[in-house]
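Here's the letter readout for the chains.
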Amino acid sequence: MPGLSESERRFVLKMGQLFEAAGLAPSVGQVFGYLLIAEPETQSLEAIAGALGLSKASVSNATRLLAHYGVVERESRPGERRVYCRVADDPWEQSARRDLAFFQGALALAEAGMADLATTPSRKARLASMVRAYRFFAREIEAMIEKWRRER
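Procedures and definitions
- Residues numbered from 1 in each chain as written.
- Predicted model: local features only at pLDDT ≥ 70, side-chain atom pairs only at ≥ 80, totals over all residues.
- Heavy atoms only, no water.
- Pairing = 2+ DSSP bridges.
- Helix = DSSP H or I, 4+ residues; strand = E, 2+ residues; numbered from the N terminus.
- Contact = heavy atoms within 4.5 Å.
- Axes fitted to C-alpha atoms, helices over the stretch in contact; angles between N-to-C directions.
- Parallel < 35°, antiparallel > 145°, perpendicular 65-115°, else oblique.
- Left-handed = near helix turned anticlockwise from the far one by under 90°.
- Nonpolar A, V, L, I, M, F, W, Y, C, P; charged D, E, K, R; others polar.
- pLDDT = per-residue confidence, 0-100.
- Phe/Tyr/Trp six-rings, centres within 6.5 Å; stacked < 30°, edge-to-face > 60°.
- Buried < 20%, exposed > 50% of the residue type's maximum accessible area, 1.4 Å probe, protein only.
- Lys NZ or Arg CZ within 6 Å of the ring centre and 35° of its normal.
- Core = buried A, V, L, I, M, F, W, Y, C linked by side-chain atoms within 4.5 Å.
- Salt bridge = Lys/Arg side-chain N within 4 Å of Asp/Glu carboxyl O.

Q: Got a minute to help me understand the sheet that holds strand β3 (residues 83–87) in this structure?
A: Strands pair in a sheet through their backbones, by hydrogen bonds, and they do so in one of two ways: parallel or antiparallel. The strand order β1-β3-β2 describes an open sheet built from three strands, whose pairing is antiparallel. Taken across any chain shown, the strands that pair with only one partner, and hence form the sheet edges, are β1 (43–44) and β2 (72–76). Where β1 lies against β3, two bridges are found, and the strand directions are antiparallel. In the sheet register, Gln-43 faces β3, and the bridge partner there is Cys-85.

Okay, structure coming up:
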């Protein structure tokens, strides 16, 4: 990773490992890690690729995924063909809100399953367990987001 100090390189690589442990490509974590420490904070895809030794296509895919999660913003500038990226404002709340949406969707699905598909005791038990879990997770994440808003 040309141009990065040893500690910056280590941070970026560890972020890649963290994202890989979560089931994503290491390059996604490396791009996010780089954008967290990049100066200036807005970087072109070419600059990110050069700094990390990744292909522009890999960086483009990573930033699209990170933008989908709401933690990175991609922008183009009038008269330029380049794409620029930066860490979104408060990506931490965006990430928690995405988790909340997943848990709320899973809860709705589990509740529908209980209403329509709980035809045997074992099926009913599994679906009821899912309802309890996702109701709890959704409630706790909502509370966590509210606490975060007060904290910051």
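Q: Mind showing me how you'd approach the side chain of Asp-90 here?
A: With respect to the helices and strands, the residue Asp-90 is situated in the loop between β3 and α5 (91–117). With residues near it in sequence (within four places) discarded, Asp-90 still touches Trp-148 and Arg-152.

Q: I tried to follow unusual backbone geometry on my own but got confused; where do I start?
A: Residue Glu-39 is joined to Pro-40 through a cis peptide bond whose omega torsion reads -5°. A positive phi angle, near 50°, is found at Asp-90, a position not held by glycine.

Q: For this particular structure, what's the right way to read the packing of helix α3 (residues 45–52) against helix α4 (residues 56–68)?
A: In a packed pair of helices, the relevant descriptors are the angle between the two axes and the axis-to-axis distance. Put simply, α3 and α4 touch, their axes get as near as 9 Å, and they point 115° apart. The orientation of α3 with respect to α4, classified from their angle, is roughly perpendicular. Here α3 runs over α4; the crossing is right-handed. Contact residues: α3 offers Leu-45, Glu-46, Ile-48 and Ala-49, while α4 offers Lys-56, Val-59, Ser-60 and Thr-63. Along the lines of polarity and charge, the residues of the contact of α3 with α4 split into four nonpolar, two polar and two charged.

Q: What should I look at first to understand the confidence of the model for the protein in this one?
A: Close inspection of predicted coordinates is inappropriate for parts of the model with low pLDDT. Averaged over the protein, the pLDDT score is 95; the fraction of residues at 70 or greater is 100%. Considering each helix and strand of the protein separately, the mean pLDDT is smallest for α5, with a value of 95, and largest for helix α2 (residues 26–37), with 98.

Q: Would you mind going over the packing of aromatic side chains with me for this structure?
A: Two aromatic rings are characterised by how far apart their centres lie and by the angle between their planes. Inspection of every chain in the model, using the stated rule, returns eight aromatic pairs. Taking 5.7 Å as the distance between ring centres and 70° as the angle between the ring planes, the aromatic pair formed by Phe-102 and Phe-103 counts as edge-to-face. A centroid spacing of 5.3 Å and a plane angle of 45° characterise the contact between Phe-103 and Phe-137, whose relative ring orientation is tilted. Separated by 34 residues along the polypeptide, Phe-103 in helix α5 and Phe-137 in helix α6 (residues 121–151) bring together distant segments of the chain. A relative accessible area of 17% places Phe-103 in the buried class. Taken together, Phe-102, Phe-103, Tyr-134, Phe-136 and Phe-137 form an aromatic cluster joined through their ring pairs. Against the face of Tyr-84 rests Arg-77, its NZ or CZ located 3.7 Å from the ring centre.

Q: What is the right way to look at the nonpolar core in this model?
A: Note on soluble globular proteins: their nonpolar side chains tend to be buried together. Counting 23 residues, the largest nonpolar core has Val-31, Phe-32, Tyr-34, Ile-48 and Leu-66 as the members making the most contacts within it. If you list the elements that add at least two residues to this core, you get α1 (6–21), α2, α3, α4 and β3. Ranked by size, the runner-up nonpolar core spans 11 residues in total, among them Ala-96, Leu-107, Val-131 and Ile-145.

Q: Help me understand the pattern of salt bridges in this model?
A: Between side chains of opposite charge, a pair can form when the charged atoms approach closely. Scanning the model with the defined rule gives 14 salt bridges in all. The salt bridge partner of Arg-86 is Glu-41, with a shortest N-O separation of 3.6 Å. With Arg-86 in strand β3 and Glu-41 in the loop between α2 and β1, the pair connects residues that are 45 residues apart, well separated along the chain. One salt bridge in this structure joins Asp-89 and Arg-86, with 3.4 Å as the shortest N-O distance. We classify Asp-89 as exposed; its relative accessible area is 55%.

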